[in-house]
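Fold and geometry: a report
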Amino acid sequence: MDDADSLPTDLAECHQLLLAAFQQATQLERRAIDSEQQAAELSRVLNETAASYEQLQETHQATIDELNALKRWIYGRRRERLLEGEGQGHLFELNPLSAQPVVSGAAGEPPRQSVASDRRQRRRELDLDKLPHYRHEHDLSEADKQCCGCGRAKDRIGQDESRILEYVPAKLEVHVYVRPKYACRYCKEGVMSPPPPVRPIARGMAGPGLIAQIIVGKFGDHLPLYRQEDFFTRHGLHIPRSTLCDWVQAAAELLRPLYQRQKELVLQSPVLWTDDTPVTVLVGGDQGSRTARFWTYIAEEHPYSVYDFTESRARDGPAKFLAGFQGYLHADAYGGYDQIYLGSNEAIIEVACWAHARRKFFDAKGSSPRDAHQVLEWVRQLYEVEERTRELSADARREIRAAEAEPVLDRIAACLADLENRALPKSALGKAVGYALNQWRALRRYTEDGRLSIDNNVSERTLRHQAIGRKNWLFLGSEQAGPRAAVLFTILAGAKRHRIEPWAYLRELLLRLHGDDSRLDEMLPDKWAANHPESVLTYRLEESRRKAARQSSRRRHARTHHLPR
C-alpha cells in the first residue's frame, strides 16, 4: 500500500493525530526546560560549593597560621631571625646588593680581636680606690717573734696584704640639725638663727637621698612600694606604704617643671619616634580596673625620651601631646594616627616601620615559604644598607639609600602587586601583603631624609621600662598616679639614656628644684652628665661600645657570606 493510502481520511482521526503530535512536542519542550533548570541549579550549586571551598581554604589557612603563631609564642624563639647555612643566602635566585666585602685589617678599620683576647680584656681588676678602706693589722705574738734556734728577736723583713671586698647593709640615719638662736638682751631687735636644712618636701621628714632611693627603687629597679616597705623594716624602721606614696607624689610634682622643659624641647625636634604600651589602672568602686596607656616620644635633635599617660588609646591623647609639632613621626600602623596626619595639613609626616612589616612576612614563612622568604631576603638587603651607613652623615646616608635601597624597594613593590592577586586575603601572606600595601608610601619615606630610620625599634626598646615594671607592681593605684608615673619615668629614662647614676642625679634635682632653681637647662640629663663626669657609668658606655662592635663584626661576616661567589 502506498503512502497516500496510509494517511487517515477521517477528520476525527486527523484531529487525534494532531493532538498526539502536539502533546508529544509539549512533553519534549517541558523536558528541555527541566534539563535547563537542572543545569542551572547544578551550576549554582557548583559555584556555591567552589566559593564555600575557597572560604574553607582561607579559614583553614588562617587557623593553621594562628596555631603556628601560638606554638612559636609558647615554644619558639622570640627573635625573628633566619638561620641560613653558608652559601644558602640566595636560594630563590635573588640578586644581592653590590656591596664590597669588608676585609679585616683594612685601612681605616681597627683589626678584629679574637674572642679569647676580648675575654682577657674583660678580666680586669676591680677599681676599689673609690671605696673606703679599713686596715686590720694582724701580728705575731711575742713568743712567735723569738727565733727558736738562737733565741734572738726576729727582724721584720716585709709584709703581705690581702684585700677582701665586703658588703655592709644599707642603713637609715637620723640627722639632727641644731640651730642656736641669738638675740640682744638690751635692744631686743629680733631673734637670729641659721637657716633650716634643705628638704625636698616642705615640713617633711624624708631627706633627698631617701626619696631618691624610693623613686629609683620603684621606677628604675621596679620594686613595688610594699617590697620597699619590707626593705626599710629590715633596716630598723617601718615606713607605712601610704607615707611612701605621699613622698612619691610630692617628688613628682617637684620634678614636673623639668619634665615640661624636656617636653618642649622634644616637640621642637624635626624627627620623633613614638609608641605605646598598656597598663592596668585601678578605678575604684564597682568599676574595678581599666586599661590605660603609656606613650613614649623620642627626639632626634634633642636627646630626650618623654613619656605621656592617657586613660585610653583614643587618638585624643597623642593629638594633644603633638599639638604644635611639625616634622616626621615614626609610628606603627595604629589607626588613631591617621587623623593626626590628615588634620595637621602635612605638618606631621608619617614614617612607617619596616620591622612591623617584616614581622608579618616572617609569620607567613611557614604557610608560604617561597613568597615570604623572597620578601624577607629583600628586607634583609634594606637593613644591610642601613648597617653600612650607620656611622655616616645624614646626607651621605640619604645618597646611599637612593642608590641602593630604592631599587630593592621597587622590586618589593612589584612583588607585592603580584602577590595581591594570588594570596588568600585571610592567610598570613595575604595579611602581610595587605599591611605592606596599605603602608607602602610611609614605608618608603625613610629614604627621603638621612635623619630618618628604617624602623621604630628605638621607641619599642624605650617602653621596656614599663613592660618590666608592670610585671612587678602589676597596676597603678589610681588614675592620678599615671601622670605622676610619666614624670618619674621621663626623669629616669634621661638618666639611663645618658648613662648617669640615677640616685645621684635624682638627689641633686630634688634639692635644686626645691629651692626654685630656674636654671632648668643645666638639669637636663645631657648637660648634667657633661658637668658631672664622675656620676657617668663608664662601664655602661664601654659595654655599649663592645656590644656595637660585636654586632657590627657579625653583620660584616654575614655580608661577606651573602656576596656572590
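Everything below is about the structure shown above.
Residues numbered from 1 in each chain as written. Predicted model: local features only at pLDDT ≥ 70, side-chain atom pairs only at ≥ 80, totals over all residues. Heavy atoms only, no water.

**Let's talk about the overall build of the protein chain**
Summing up its helical and strand segments, the protein chain has 20 helices and 7 strands in all. For the protein chain, the proportion of its 565 residues judged to be buried stands at 35%. Put simply, the protein chain shows about 36,400 Å² of open surface, and 52% of that area lies on carbon and sulfur atoms. (Helix = DSSP H or I, 4+ residues; strand = E, 2+ residues; numbered from the N terminus. Buried < 20%, exposed > 50% of the residue type's maximum accessible area, 1.4 Å probe, protein only. Areas by Shrake-Rupley, 256 points an atom, 1.4 Å probe, with all protein chains shown as cover.)

**Considering the packing of helix α4 (residues 208-220) against helix α17 (residues 502-514)**
Axis separation between α4 and α17 bottoms out at 9 Å; the angle between their running directions is 130 degrees. By the angle class used here, α4 and α17 are oblique. Of the two elements, α4 crosses α17, and the hand of that crossing is right-handed. Note on element contacts: α17 touches α4 through P502, W503, L506, R507, L510 and L511, opposite P208, G209, I211, A212, Q213, I215 and V216. Each residue belonging to the contact of α4 with α17 can be placed in one class, and the counts come to 10 nonpolar, 2 polar and 1 charged. (Axes fitted to C-alpha atoms, helices over the stretch in contact; angles between N-to-C directions. Parallel < 35°, antiparallel > 145°, perpendicular 65-115°, else oblique. Left-handed = near helix turned anticlockwise from the far one by under 90°. Contact = heavy atoms within 4.5 Å. Nonpolar A, V, L, I, M, F, W, Y, C, P; charged D, E, K, R; others polar.)

**Details of the sheet that holds strand β7 (residues 348-351)**
Within the open sheet, the 5 strands sit side by side as β5-β4-β3-β6-β7. Their pairing is mixed. Every interior strand has two partners, whereas the edge strands, β5 (305-310) and β7, have only one. The mean inter-strand angle of the sheet, taken between neighbouring strand axes irrespective of direction, is 30 degrees. With 3 bridges joining them, strand β3 (residues 271-282) and strand β6 (residues 327-330) adopt parallel strand pairing. Of the residues in β6, the one forming a bridge with V271 is Y328. Docked against the sheet, helix α8 (residues 336-343) engages β3, β4 (289-299), β6 and β7, running at close to 140 degrees with respect to β7. Contacting β3, β4 and β5, helix α15 (residues 464-473) crosses the sheet at an angle of about 10 degrees to β3. (Pairing = 2+ DSSP bridges.)

**Observations concerning a positive patch on the surface**
Taken together, R461, R464, K496, K547, R550 and R554 make up a surface patch of like positive charges. Its location among the elements puts R464 in helix α15. We classify R464 as exposed; its relative accessible area is 53%. (Patch = residues over 30% accessible without salt bridge, like charges linked within 9 Å, V, L, I, M, F, W, Y side chains within 5 Å. Salt bridge = Lys/Arg side-chain N within 4 Å of Asp/Glu carboxyl O. Lys, Arg positive; Asp, Glu negative; His and termini not counted. Charge placed at Lys NZ, Arg CZ, Asp CG, Glu CD.)

**Remarks on the environment of A143**
Relative to the elements of secondary structure, A143 occurs in the loop between α3 (115-122) and β1 (182-183). For A143, a relative accessible area of 60% puts it in the exposed group. The sequence separation of A143 and A153 amounts to 10 residues, and the corresponding C-alpha distance is 9.3 Å.

**A look at the environment of Y182**
Among the secondary structure elements, Y182 is positioned in strand β1. Taking relative accessible area as the criterion, Y182 reaches 55% and is therefore assigned exposed. Through-space distance from the C-alpha of Y182 to that of S193 is 6.2 Å; in sequence the pair is 11 residues apart. Sequence-distant contacts of Y182, defined by excluding residues within four places in its chain, comprise G190, V191 and M192.

**Digging into the nonpolar core**
Ranked by size, the top nonpolar core spans 70 residues in total, and within it L255, L322 and L476 carry the most contacts. Beyond its immediate stretch of four places on either side in the chain, L322 contacts L267, L272, Y297, L329, I340 and I348. Of all hydrophobic cores here, the second largest spans 37 residues; its members include W378, L429, V433 and L443. (Core = buried A, V, L, I, M, F, W, Y, C linked by side-chain atoms within 4.5 Å.)

**Quick look at the pattern of salt bridges**
Evaluation of the coordinates by the stated rule reveals 29 salt bridges. The partner of E386 in a salt bridge is R401, and the shortest N-O contact between them spans 2.7 Å. One end of the pair, E386, is in helix α10 (residues 369-388); the other, R401, is in helix α11 (residues 394-422), with 15 residues separating them in the sequence. R401 carries the same exposure label as E386, and that label is buried. Residue E404 is joined to R388 by a salt bridge in which the shortest nitrogen-to-oxygen separation is 2.3 Å.

**Quick word on unusual backbone geometry**
Note on backbone geometry: most residues besides glycine have negative phi, and most peptide bonds are trans. Look at N345: it is not a glycine, yet its phi comes out positive at around 55 degrees. The residue N345 is located in the loop between α8 and β7 in this model. Of note, the phi angle at R499 is positive, near 60 degrees, even though the residue is not glycine. Mapped onto the elements of the fold, R499 is located in the loop between α16 (481-497) and α17. Note on R499: relative accessible area 23%, which makes it partly exposed.

**Observations concerning the environment of I214**
Mapped onto the elements of the fold, I214 is located in helix α4. Overall, the relative accessible area of 0% leaves I214 in the buried class. A C-alpha to C-alpha distance of 8.7 Å links I214 and W247, two positions 33 residues apart in sequence. Those residues within four positions of I214 in sequence are excluded, and the remaining contacts are L225, Q228, F232, L244, W247 and V248.

**Looking at a nonpolar patch on the surface**
Side chains of W73, I74 and Y75 sit close together on the surface and give an oily, nonpolar patch of about 460 Å² of accessible area. With a relative accessible area of 59%, W73 lands in the exposed category.

**Examining the state of the cysteines**
A full pass over the atoms with the stated rule returns 0 disulfides. For C150, which is in no disulfide, the shortest distance to another cysteine sulfur is to C147 and amounts to 3.9 Å. (Disulfide = S-S within 2.5 Å.)

**Remarks on α17**
The end-to-end C-alpha separation of α17 is 18 Å, in line with the 18 Å expected for 13 residues at 1.5 Å each. Among the residues of α17, those classed as buried are Y505, L506, L509, L510, R512 and L513. Contacts made by the buried residues of α17 are with α4, α6 (241-267), α16, α18 (520-523) and α19 (525-531). Capping the start of α17, E501 holds a side-chain oxygen 3.2 Å from the backbone nitrogen of W503, two or three residues further along. Following α17 by one or two positions, D516 adopts a phi angle in the positive range, close to 55 degrees. (Expected span 1.5 Å × (residues − 1). Polar contact = N/O pair within 3.5 Å; in protein donor to acceptor, adjacent residues only side chain to side chain.)

**Thoughts on the side chain of T447**
Position of T447 relative to the elements: it lies in the loop between α13 (440-444) and α14 (457-462). Other than its neighbours up to four places away in sequence, T447 contacts R398, R401, A405, E406 and L409.

**Points about helix α12 (residues 428-438)**
Of all the residues in α12, the buried ones are A428, L429, G430, A432, V433, Y435 and A436. Residues of α12 that are buried sit in contact with α2 (11-75), α9 (354-363), α10, α11 and α13.

**Observations regarding the packing of α9 against α12**
The description of two packed helices rests on the angle between their axes and on the distance between the axes. Contact geometry for α9 and α12: axes closest at 8 Å, N-to-C directions at 165 degrees. By the criterion of interaxial angle, the relationship of α9 to α12 is roughly antiparallel. Both α9 and α12 take part in a crossing whose hand is left-handed. Facing H356, A357, K360, F361 and D363 of α9, the residues of α12 in contact are A428, L429, K431, A432, V433, Y435 and A436.

Without other data, these values stay purely geometric and don't point to any function.
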